[in-house]
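Residues per chain, in single letters:
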Amino acid sequence: MKRGRAMRIKKAAAMTLVFLILTAVFCSCKDNKTPFSSQNFVMDTTLSQKIYGKSDVSDEVYTSLLNWENTFSAFKENSQIYKINNAGGKATKVSQETFGLVKKGVEYSKESSGRFDLSVYPLSSLWKKAIEDKSLPQNSEVLDRKSRVDFSKIALDEANLSITVPEGMGLD
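Cut-offs and rules
- Residues numbered from 1 in each chain as written.
- Predicted model: local features only at pLDDT ≥ 70, side-chain atom pairs only at ≥ 80, totals over all residues.
- Heavy atoms only, no water.
- Pairing = 2+ DSSP bridges.
- Helix = DSSP H or I, 4+ residues; strand = E, 2+ residues; numbered from the N terminus.
- Contact = heavy atoms within 4.5 Å.
- Axes fitted to C-alpha atoms, helices over the stretch in contact; angles between N-to-C directions.
- Buried < 20%, exposed > 50% of the residue type's maximum accessible area, 1.4 Å probe, protein only.
- Lys, Arg positive; Asp, Glu negative; His and termini not counted.
- Salt bridge = Lys/Arg side-chain N within 4 Å of Asp/Glu carboxyl O.
- Phe/Tyr/Trp six-rings, centres within 6.5 Å; stacked < 30°, edge-to-face > 60°.

**Structural notes on the sheet that holds strand β3 (residues 92–93)**
Stage number 1. One open sheet holds the 3 strands; their spatial order is β3-β5-β4, and the pairing between them is antiparallel. Of all the strands in the sheet, just β3 and β4 (155–157) have a single pairing partner and so form its edges.
Stage number 2. Taken together, the 3 bridges between β4 and strand β5 (residues 162–164) define a ladder with antiparallel strand orientation. Counted as the bridge partner of L156 is I163 from β5.
Stage number 3. Where helix α4 (residues 96–111) meets the sheet, its contacts fall on β4 and β5, and the angle it forms with β4 comes to roughly 140°.

**As for the side chain of E69**
Stage number 1. Inspection of the secondary structure puts E69 in helix α2 (residues 58–72).
Stage number 2. The side chain of E69 sits in the buried core without any salt bridge; K76 is the nearest counter-charge, 4.5 Å away.
Stage number 3. Excluding its chain neighbours within four sequence positions, the residues that come into contact with E69 are V42, M43, D44 and K76.

**Focus: the packing of aromatic side chains**
Stage number 1. One pass over the full model with this rule turns up 1 aromatic pair.
Stage number 2. Judged by centre distance (5.5 Å) and plane angle (40°), the ring pair of F75 and Y121 falls under tilted. Remark: Y121 occurs in helix α5 (residues 121–133) and F75 occurs in the loop between α2 and α3 (80–85); sequence separation between them is 46 residues.
Stage number 3. Taking the relative accessible area as the measure of exposure, F75 reaches 26% and is therefore partly exposed.
Stage number 4. Residue Y121 is classed as buried on the basis of its relative accessible area of 18%.

**Remarks on the pattern of salt bridges**
Stage number 1. Evaluation of the coordinates by the stated rule reveals 4 salt bridges.
Stage number 2. D133 is the partner of K129 in a salt bridge, and the nearest nitrogen-oxygen pair spans 2.5 Å. Highlighted residues: K129 and D133, both in helix α5, separated by 4 residues, approximately one helical turn.
Stage number 3. What makes D133 partly exposed here is its relative accessible area of 42%.
Stage number 4. Residues R148 and D144 are paired through a salt bridge, measuring 2.5 Å at the closest nitrogen-oxygen approach.
Stage number 5. With relative accessibility at 37%, the residue D144 sits in the partly exposed group.

Structure follows, in structure tokens:
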């Protein structure tokens, strides 16, 4: 359940960001009646855009989201989150942007008493595999993975801009 909630939160955040960018850019362009349209796949979801204004910024929005996905995805090998998750419990140096995002995620995890848990990767990776294999995971697998979800074990070193998660855990 946490994986679904986390994915919905990610998607809602991405869509809210797109909406805010487009609103800020085009709030004064009400008279243009023909929208620029585009459709892309990013962050495991289809992004459909209709932009009313004097210019088409859909490519810029898509590029920004793609850059975030490439930086923050738990499933892309070159992303910083992937590197944290696969560091074998060792500290991983990250960018200021990634550190700030993870720090904020830990704060939200604390504020929600774990209802939002940034360390949900063990479960999200299990469900991703289940979708690919078109089969449900065993209950014992779900329980094992669930036991590895605990945001309080994420170590943040602000002085060195490094993040550590115990081996077997991960961020998503």
